[in-house]
Amino acid sequence: MPLVGFPIIASLIIMGTISNVSEEVREKLVNPIRWAILLFSLGLLGLTTAMFYNYFGDLNGFEGIAFNSYEFTARYAWVDSLGIYWSVGLDALSFPMVWLTTLLLPITIIATWDEKNGAYYHPLILLMGGALIGVFVALDLFMFYVFWELTLIPMFFLILKWGGEDRKYAAQKFFIYTFTASVVMLLGLVTLYFLQNPLEPLAYSGTLTGRTFDIPELVNYSYHANMNGNWFLGASMQKIIFAMLMLGFLVKLPAVPFHTWLPDAHVQAPTGGSMLLAGVMLKMGAYGMFRLPIALFPHALEYFQLVLMTIGMVSLIWGSIVCLGQTNLKKMVAYSSVSHMGVICIGIATMQPIGWAAALFMMFAHGIISPHLFAVCGAFKHHYHSMEIGSMRGMAKHSPWLATSMMFAWMASLGLPLLAGFVAELMVLIALWHFLVAEGWSVLWMVGPALVLAVTAAYYLWSMQRTIFEGGDETQPPASMDGQPIPDIANHEKLAMFVLAMFTILFGVMPWIALDMMNDWSIQIFEGLIMPILGNFNGGV
Amino acid sequence: MSEVTYIQPFDDKFTTALLPELILVAGLFALIIIPNLGKATFRVPGTQIRLPYFLGGERYSLISNPRLPGWIAVTTLVLAFVEVMMTFESGLQRYMIVSELLPTTINGVTAGDVLVNGGSHILPSGSKELLLINGFSRLFEMIFFGAISLAAIASMNRLQSFDSSDRSTNALYNNRRQADFYILLLTAAMGMAIVALAQDLFVLFLGLELASFSSYVLVAFHKESKEGTEGGMKYFIVGSVASGIGLYGLSMLYLWAGTLQLGELSVAFDAAMAPQGSPALPLIALGFILVGFGFKVSAAPFHFAAPDAYAGASSPVAGILATASKAMGIVGLTRMLLIVASPESNDGSAIWLVALGILSVVTMTWGNIAALGSDNPKRMLAYSSVAHAGYMLAGLTAIGAWNWDPKLAGHGGDAAIMVMTAILFHLVVLVCFKLGAFLVLSILESEGEVSKMSSLRGLSKREPLLAVSMFIFMISLAGVPPMSGFMSKLLMIMGIVKVAIGNMGDALSNGDILSIGDAHWVWWLALIMVLNSAISMFYYLRVIVTMYFHEPEGDRQGPLPSGWQVRTAIFACVIASVFFGINADGLIELCEMAANSLNYSWASQ
């Protein structure tokens, strides 16, 4: 699959080559390298867009989507003896994520066009993109885990090499936090692997072990094992493995109380790293939940429904309250990510088709909006040498472009109607309403999330007030500028933010371009998996 | 499948069977003799005739090269390694070397012919099985020779050599450390190979001591530094005490069973462990032997000498201790625990199961936590090697439980083979990335002390390729995909989980309700292992951070001293570390074959 292999190989070759040339030659090579990588990633974007038109239908409907069926599949034996295959494929769950990754790659490269040490920086971004795509297209547990861990390495280096002052602490915390969670997840995967019966091996089983890592096979098998009130693997075991997998995904998401790595990583990460981290990497958590524990263990999902709901609520509320108290612009945006990931969690926990479609769309919309937020933060830091809210006032007067971009991104993130974020938030609220009614609970529970939206609006508006509008004496630049004239953002930054803004509007006004696909997928998974297994449960349609 | 050719020493097939070891012996002789060759002549008394006798005198120009012993040793070791590889390549023959065979035909089978395993009845009563050559021991020979030849190549530039213009034999004395070092490497390889082959505890002990004494001297060889002498002394004292305890254990076994043959001991053990309970003597003996080998694998709490020894020895030697010497300990433990005190009886859980499980948990946790706090990269690697020993002991523990599930009858042996495969795979790839990491330190060491993490600072600026290599070694050690370290850790976890889950897959199809409590408790070893590997992330990452994100120390600037030999060795390690990670299939099959040949009762299940 060229989507995965080529970016990784290309970036490794580039980095291997430039590490052997002298400093001067490397400086000269920066420009050709970043142009090449930009064109390459634009090519990838073109490829995924063409895939979208060819195989996922046109803009009018997605009739071909069915649960557990995949397009663009390819399979090569990797480690025969253990049943490991290089197995890739796309469905309506992974496709938006892959497209989002390929969209964000060129935009990230453009937005951080003159990052220092570009000869290493841009290949690393490309490597990151390749690994992320690998996570989304993998249809083999082993391959999934390999790419899951592989994404850590470029991000670790991005934070370490290009990060802020506390970058070492942040990078190590980031790495160890997510690594710990993923090894627990790995143990869960291995336990799941060995709970297969080698006497009746599934397809693609290993010659040595008689078991398979193949995700579609496992999903298919667990579907039948879960029927008629039976629990695949037995009730207790299913819950344990579900919890082990969810730990890995919740830390990555991140959900309170596992979220503390995120603000540190974001504040210290360079702009490009933050854009990819918030844009795509966090979505790996939610994607993984849909791909593995939900598809394999619907019973356990129902069992843990309220736990998940609580985690989502706490993330949502805690994230936004902490935002109110932040003085660091980037940290505020990072906590707002925690809060938005809580929305995804709630969407999943409602166990409604509309809630899942909303979660999927939230992943997508947040993937477009949050890079915009971080691009603004990066430009802010780049040009004003400070990240403190209030250190820079009156931006509207002297930096109209940045002020406009910031305002737009902030509005999109707080869920302004007609922008992408609004659609997802509204759908989650509807799903939550359904959930409360179905559970027979008081709909007053809605007050919490609804109030949080107000809080969100409050911290965003307040921070805008203190940066864009207040003060603004052009003759008195802030102290961090050392008396230099105040520049507006550069053209490449304008371009990147403009493109992101256009997509935010596009998916806000015409959400069905992506939403139809997600809606169909969640209806399919409900009709094909959840309803047959769980029967008439409270969270049903 | 399990056909073994019985041969006597110096039979016609003897050379074929023991060719790698014979190569080593030849190399040893060459190493001793060749540097002495010269133009010496002998005048026949009363005449003017001078007969050349070649020993001594003015030496030939090629021979007077002080690096010659190194080249001889490397050639020997590489030849032995290649020979082992070729036996794998050309289909493996199994040989059992016995002290005496009946010359006549019994039961229609001629001695020396191919026999089905278990045909030991054709041996006369006094005859002993000495050495067994099969996939398992061959694989270990491969590990030993591979690791030691890499270390030999890498140490070529490390030892000081003096002017080679002096061609007299006296110059040999000035450069005698060259020859000594490589002779010790060869004897260590020899001893380790004997341990891998031995079927008699006495032979095993001989090999163990040969390897141990060589390694004591090798550790102390780095006498330029104070730590070298100290480390060597500590290693010697603790090591000899451990050997002594082990020997005491062997003697108690002999007292109990009247034999030191592995096969006979195994039978005796099985008989003793049958329903009437367990006699104390063999168990105490087993405990003592565990101490002896526990020292070799540096399992906590017998690991105290290891950090000092690793820090004191020159890095290639420390690399040998961490890879080949550890593999030797694992062979010994495997033979003692899985062959002699084999867990085949009644409920299937071996008598030593709990003890070894606790030992493994203590070892991996202690190693990792101690490594967190050490600022000396070599000590850090030593503690990480303790942790890795813990992972392997966890694997051995799991094998001890392989047939715990009564429902497993039929295919339980698969699980044992799987874990053994994982242990073997781990030992092989450990040579790549552990030894490789030590070799990188070795280059740094040729510039000055490497007793502080800060000496690694700025390596990425000084030597980008070395830094990348070290980076790959570190993430391999930590077990990050797609490196080979991840593959080995995954295999280990998979093996342990497979044992623990047992036959629960069957129960699932019957609709039984299961919980993790239904699995064997070795499952928790897997959990502790993954948590430990998360802890280990801290100190491996610290090395990476130090290399990439700290400026070089004041007087340590610019590229490091050259030495293409050690760089070649590092390069080979890097290639292997990555290759076995992304294309592990071949090696897994090889290890599986070796694991299969260890214990026929697994394969026959």
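Each value, and the rule that gives it
- Residues numbered from 1 in each chain as written.
- Chains lettered and ligands numbered in written order.
- Predicted model: local features only at pLDDT ≥ 70, side-chain atom pairs only at ≥ 80, totals over all residues.
- Heavy atoms only, no water.
- Helix = DSSP H or I, 4+ residues; strand = E, 2+ residues; numbered from the N terminus.
- Buried < 20%, exposed > 50% of the residue type's maximum accessible area, 1.4 Å probe, protein only.
- Contact = heavy atoms within 4.5 Å.
- Areas by Shrake-Rupley, 256 points an atom, 1.4 Å probe, with all protein chains shown as cover.
- Buried area = accessible area lost by both parts, 1.4 Å probe.
- Salt bridge = Lys/Arg side-chain N within 4 Å of Asp/Glu carboxyl O.
- Polar contact = N/O pair within 3.5 Å; in protein donor to acceptor, adjacent residues only side chain to side chain.
- Nonpolar A, V, L, I, M, F, W, Y, C, P; charged D, E, K, R; others polar.
- Expected span 1.5 Å × (residues − 1).
- Lys, Arg positive; Asp, Glu negative; His and termini not counted.
- Phe/Tyr/Trp six-rings, centres within 6.5 Å; stacked < 30°, edge-to-face > 60°.
- Lys NZ or Arg CZ within 6 Å of the ring centre and 35° of its normal.
- Patch = residues over 30% accessible without salt bridge, like charges linked within 9 Å, V, L, I, M, F, W, Y side chains within 5 Å.
- pLDDT = per-residue confidence, 0-100.

**Overview of the overall build of chain B**
Logical step 1: A count of helical and extended segments in chain B gives 23 helices and eight strands.
Logical step 2: Out of the 605 residues in chain B, the part that is buried amounts to 63%.
Logical step 3: Long-range contacts, defined as pairs at least 24 residues apart, comprise 81% of the intrachain contacts of chain B with a sequence gap of at least 6.

**Structural notes on the overall build of chain A**
Logical step 1: Each helix and strand counted, chain A has 21 helices and two strands in total.
Logical step 2: Out of the 541 residues in chain A, the part that is buried amounts to 66%.
Logical step 3: Contacts spanning at least 24 positions in sequence make up 79% of the contacts within chain A whose residues lie at least 6 apart.
Logical step 4: Put simply, chain A shows about 17300 Å² of open surface, and 64% of that area lies on carbon and sulfur atoms.

**Section: the interface of chain A and chain B**
Logical step 1: Counting from both sides, the interface comprises 47 residues of chain A and, opposite them, 50 residues of chain B.
Logical step 2: Buried area between chain A and chain B, both sides added, is near 4400 Å², and the carbon and sulfur share of it is 78%.
Logical step 3: Taken as a group, Leu187, Phe194 and Leu208 of chain A account for 14% of the area that chain A buries against chain B, more than any other trio of residues on that side.
Logical step 4: Scanning the region where chain A abuts chain B turns up zero salt bridges.
Logical step 5: Viewed at the interface, chain B and chain A are joined by four residue pairs in polar contact (both at pLDDT 80 or more).
Logical step 6: A total of 14 residues in the side of chain A that touches chain B trace back to one element, the largest contributor, which is helix H7 (residues 167-194) of chain A.
Logical step 7: When the residues that make up the side of chain A that touches chain B are grouped by side-chain class, the tally is 31 nonpolar, eleven polar and five charged.

**With respect to helix H4 (residues 135-154) of chain B**
Spacing of three or four residues puts side chains on the same side of an α-helix, whose turn is 3.6 residues.
Logical step 1: Spanning 20 residues, H4 of chain B covers 28 Å between terminal C-alpha atoms, matching the ideal 28 Å at 1.5 Å per step.
Logical step 2: The element H4 of chain B is extensively covered by neighbouring structure, given that 20 of its 20 residues are classed as buried.

**A look at the pattern of salt bridges**
Logical step 1: Scanning the entire structure with this criterion turns up ten salt bridges over all chains.
Logical step 2: A salt bridge links Lys173 of chain A to Asp264 of chain A, with the nearest nitrogen and oxygen atoms 2.8 Å apart. Taken as a pair, Lys173 of chain A in helix H7 and Asp264 of chain A in helix H10 (residues 261-268) lie far apart in primary sequence, 91 residues in all. The exposure classification of Lys173 of chain A matches that of Asp264 of chain A, with both residues buried.
Logical step 3: Two residues, Arg567 of chain B and Glu463 of chain B, come together in a salt bridge whose shortest N-O distance is 3.1 Å.

**Notes on the side chain of Lys434 of chain B**
Residues and elements named next belong to chain B.
Logical step 1: Turning to its location among the elements, Lys434 is positioned in helix H15 (residues 413-445).
Logical step 2: Here Lys434 occupies a buried position and makes no salt bridge, while the nearest side chain of opposite charge, Glu445, is found at 15 Å.
Logical step 3: Side chain to side chain, Lys434 and Ser384 meet in a polar contact 3.2 Å long.
Logical step 4: Setting aside anything within four residues of it in sequence, one finds Lys434 in contact with Ala322, Thr323, Leu381, Ser384, Ser385, His388 and Leu477.

**Quick look at the packing of aromatic side chains**
Logical step 1: Taken as a whole and assessed by the stated rule, the structure comprises 55 aromatic pairs over all chains.
Logical step 2: Ring geometry for Trp99 of chain A and Phe503 of chain A: centres 5.8 Å apart, planes at 70 degrees, overall edge-to-face. Residue Trp99 of chain A is located in helix H3 (residues 94-111), and its partner Phe503 of chain A is located in helix H20 (residues 491-509); the two are separated by 404 residues in the primary sequence. Phe503 of chain A shares its class with Trp99 of chain A; the two are buried.
Logical step 3: Taken together, the ring pairs in this structure connect Trp78, Trp86, Phe142, Tyr145, Phe147, Tyr193, Phe194 and Phe213 of chain A together with Phe486 of chain B into an aromatic cluster.
Logical step 4: Lying over the aromatic face of Trp462 of chain A, Arg466 of chain A brings its terminal NZ or CZ to 4.0 Å of the ring centre.

**Focus: a nonpolar patch on the surface**
All names here are of chain B.
Logical step 1: Residues Phe29, Ile32, Ile33, Phe42, Ile49, Leu51, Tyr53 and Leu55 make up a contiguous nonpolar surface patch of about 790 Å² in total accessible area.
Logical step 2: No other element matches helix H2 (residues 19-33), which puts three residues into the nonpolar patch.
Logical step 3: Structurally, Phe29 can be placed in helix H2.

**What about unusual backbone geometry?**
Logical step 1: Cis geometry is adopted by the peptide bond preceding Pro301 of chain B, which originates at Ala300 of chain B and carries an omega value of 0 degrees.
Logical step 2: Mapped onto the elements of the fold, Pro301 of chain B is located in the loop between helix H10 (280-296) and helix H11 (305-312).
Logical step 3: Phi is positive for Met351 of chain A, close to 55 degrees, though the residue is something other than glycine.
Logical step 4: Tracing the backbone shows Met351 of chain A in the loop between helix H14 (329-349) and helix H15 (353-384).
Logical step 5: With a phi angle near 75 degrees, Leu418 of chain A is a residue other than glycine that sits in the positive phi range.
Logical step 6: In this structure, Leu418 of chain A sits in the loop between helix H17 (400-413) and helix H18 (420-439).
Logical step 7: A relative accessible area of 56% means that Leu418 of chain A is categorised as exposed.

**Regarding helix H6 (residues 176-197) of chain B**
Logical step 1: Relative to the 32 Å expected for 22 residues at 1.5 Å per residue, H6 of chain B spans 32 Å between its end C-alpha atoms, a close match to the ideal helical length.
Logical step 2: For H6 of chain B, a buried count of 17 out of 22 residues is recorded, marking the element as mostly surrounded by other parts of the structure.

**Quick look at the confidence of the model for chain B**
Logical step 1: Put simply, chain B has an average pLDDT of 83, and 87% of its residues get 70 or more.
Logical step 2: Considering only residues more than four positions removed or in separate chains, one finds that residues 111-121 of chain B, a stretch of pLDDT under 50, has 27 contacts.

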